[in-house]
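# Summary of structural features
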Amino acid sequence: MERASFITYKIAVLSSGHSRGSNLSAMHEYWKKHNLPVQIALAVFTRADSPAFSLAKNLGIPSFVVSAKDMAGFEAEVSKLCIENNISLIALAGFLKQLSASFISSIAIPILNIHPALLPQYGGEIMYGMAVHKAVWEAGERESGATIHLVDPLYDHGTIVASQKVAIDTCQSPEDIATKVLKVEHQLYAKSIYGYLTK
Ligand code: GAR
């Protein structure tokens, strides 16, 4: 008798030192809640004092610290860890370093990133953290959102995989926008990664 084959997609999450880990924990919870076969099998942080590092360890996620001061060394270590752990997709979550073109092409698995606004108009190298929400606020936008995109050698460029808008016309400050957008990020990222893996 033929047996049904069950796959668990193993993904890696990369985060920089400042990361709160809110996207990482939202993904972890979403796949568990919906009983979906996706697992964060590897989390790599650039600093041990990142709040996300302790969070990931508490969630039981295999977590490593690899310094990104030397990007070539960082990328070599991430490649090795991805191969050893059979990783089929890398998700960036609060990873603010630029990955090289040679890493992106040689790793040969998709690398997705999440951005806290609608791209391309509110993306780019200086657009991270509150700078994004301040720019959206100052432009008087009535909508913002979150965008998931494939990583490209240019910061916050790359094919858009999913995006979701949110009305911000009742927001009183850039901080209010940030709160609304973060909720959207948490709903969108896990769903989009699963969709991308199974498409
Ligand atoms: C998120 O808002 C994400 O969109 C942003 O960093 C934050 C990480 O939050 N990423 C970028 O701006 C990339 N251009 P988290 O550490 O709580 O997951």
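First things first, this report covers the structure right here in the doc.

About the cut-offs
- What you see as residue numbers is a count from 1 along each chain, following the sequence as written.
- Per-residue local features are limited, in this predicted model, to residues with pLDDT of at least 70; the limit for side-chain atom pairs, both in listing and counting, is 80 or more; totals at the level of whole chains, interfaces and linings are taken over all residues.
- As a rule here, side-chain values cover all heavy atoms of the structure and leave hydrogens and water aside.
- Being near a molecule or strand, for a residue, comes down to having at least one heavy atom within 4 Å of it.
- In protein, a polar contact means a hydrogen-donor-capable atom and an acceptor-capable atom, both N or O and within 3.5 Å, with residues adjacent in sequence counting only if both atoms are side-chain atoms; elsewhere, any N or O pair within 3.5 Å suffices.
- Note on areas: Shrake-Rupley with a 1.4 Å probe; residue coverage comes only from the protein chains shown.
- Where helices and strands are cited, they refer to DSSP runs of H or I of at least four residues and of E of at least two residues respectively, numbered from the N terminus.
- All axes are obtained by fitting lines to C-alpha atoms, using only the stretch in contact for helices, and the reported angles, taken between N-to-C directions, cover 0 to 180 degrees.
- In these notes the angle categories are as follows: under 35 degrees is roughly parallel, over 145 is roughly antiparallel, 65 to 115 is roughly perpendicular, and the rest is oblique.
- Helix crossings are classified by the rotation of the near helix relative to the far one: an anticlockwise turn of less than a right angle makes the crossing left-handed, while a clockwise turn makes it right-handed.
- Should any heavy atoms of two residues lie within 4.5 Å, those residues are considered in contact.
- Asp, Glu, Lys and Arg are counted as charged, while Ala, Val, Leu, Ile, Met, Phe, Trp, Tyr, Cys and Pro are counted as nonpolar; the rest, among them Gly, fall into the polar class.
- Relative accessibility decides the category of a residue: with a 1.4 Å probe and only protein chains considered, values under 20% of the type maximum give buried, values over 50% give exposed, and everything between is partly exposed.
- Here a strand pair is declared whenever DSSP counts at least two bridges between the two strands.
- The term salt bridge refers to a side-chain nitrogen of Lys or Arg lying within 4 Å of a carboxyl oxygen of Asp or Glu.
- We call Phe, Tyr and Trp rings a pair once their centres come within 6.5 Å, taking the six-membered ring for Trp, and we label the pair stacked below 30 degrees between planes, edge-to-face above 60, and tilted otherwise.

### A short note on the site of the ligand
As a structural note, the neighbourhood of the ligand is formed by 14 residues, with Ser19, Arg20, Ser22, Asn23 and Glu185 the closest of them. With respect to the ligand, the side chain of Arg20 contributes an N or O atom lying 2.9 Å from an oxygen atom. A distance of 3.0 Å separates an oxygen atom of the ligand from a polar side-chain atom of Asn23. Against a free-state accessible area of 450 Å², the protein chains account for coverage of 95% of the ligand. Sorting the residues of the shell around the ligand by element identifies helix H1 (22-33) and strand S5 (111-115) as the ones contributing at least two each. By residue number, the principal contributor to the shell around the ligand is S5, which donates three residues.

### Considering the packing of H1 against helix H6 (residues 174-198)
Helix packing for two helices is described by the angle between their axes and how far apart those axes are. Running from N to C, H1 and H6 point in directions that differ by 55°, and their axes come no closer than 9 Å. Accordingly, the angle class assigned to the pair H1 and H6 is oblique. With respect to the hand of their crossing, H1 and H6 are arranged in right-handed fashion. Between H1, through Ser22, Asn23, Ala26, Met27, Tyr30 and Trp31, and H6, the contact on the second element is made entirely by Leu182, Glu185, His186, Tyr189, Ala190, Lys191, Ile193 and Tyr194. Taken together, the residues of the contact of H1 with H6 sort by class into nine nonpolar, three polar and two charged.

### Overview of the environment of Val136
Tracing the backbone through its elements, the reader meets Val136 in helix H5 (residues 130-138). Judged by relative accessible area, Val136 falls into the buried class, the value being 1%. In this structure Val136 touches Tyr122, Glu141, Glu143, Ser144, Ile168 and Ile177, once residues within four positions along its chain are discounted.

### Some remarks on the pairing of strand S6 (residues 143-150)
In terms of burial, S6 is a largely internal element, seven of the eight residues being buried. Across seven bridges, the pairing between S6 and strand S7 (residues 160-167) is antiparallel. Bridged to Ser144 within S7 is Val166.

### Side note on the pattern of salt bridges
Counted under the stated rule, the structure contains five salt bridges. Arg47 serves as the salt-bridge partner of Asp49, at 2.7 Å between the closest nitrogen and oxygen. A relative accessible area of 46% means that Arg47 is categorised as partly exposed. Close ionic contact of Asp169 with Arg142 constitutes a salt bridge, the shortest N to O distance being 3.4 Å.

### Some details on the packing of aromatic side chains
How two aromatic rings sit relative to each other is given by the distance of their centres and the angle of their planes. Using the criterion set out here, one finds two aromatic pairs in the structure. Centroid distance Phe45 to Phe53: 5.5 Å. Interplanar angle 65°. Geometry classified as edge-to-face. The same class applies to Phe45 as to Phe53, namely buried. Measuring from ring centre to ring centre gives 5.6 Å for Phe74 and Phe95, while their planes differ by 20°; the resulting arrangement is stacked. Here the residue Phe74 occupies a position in helix H3 (residues 71-84), and Phe95 occupies one in the loop between strand S4 (89-92) and helix H4 (101-106), the gap between them amounting to 21 residues. You'll find Phe74 and Phe95 in the same group, each marked buried.

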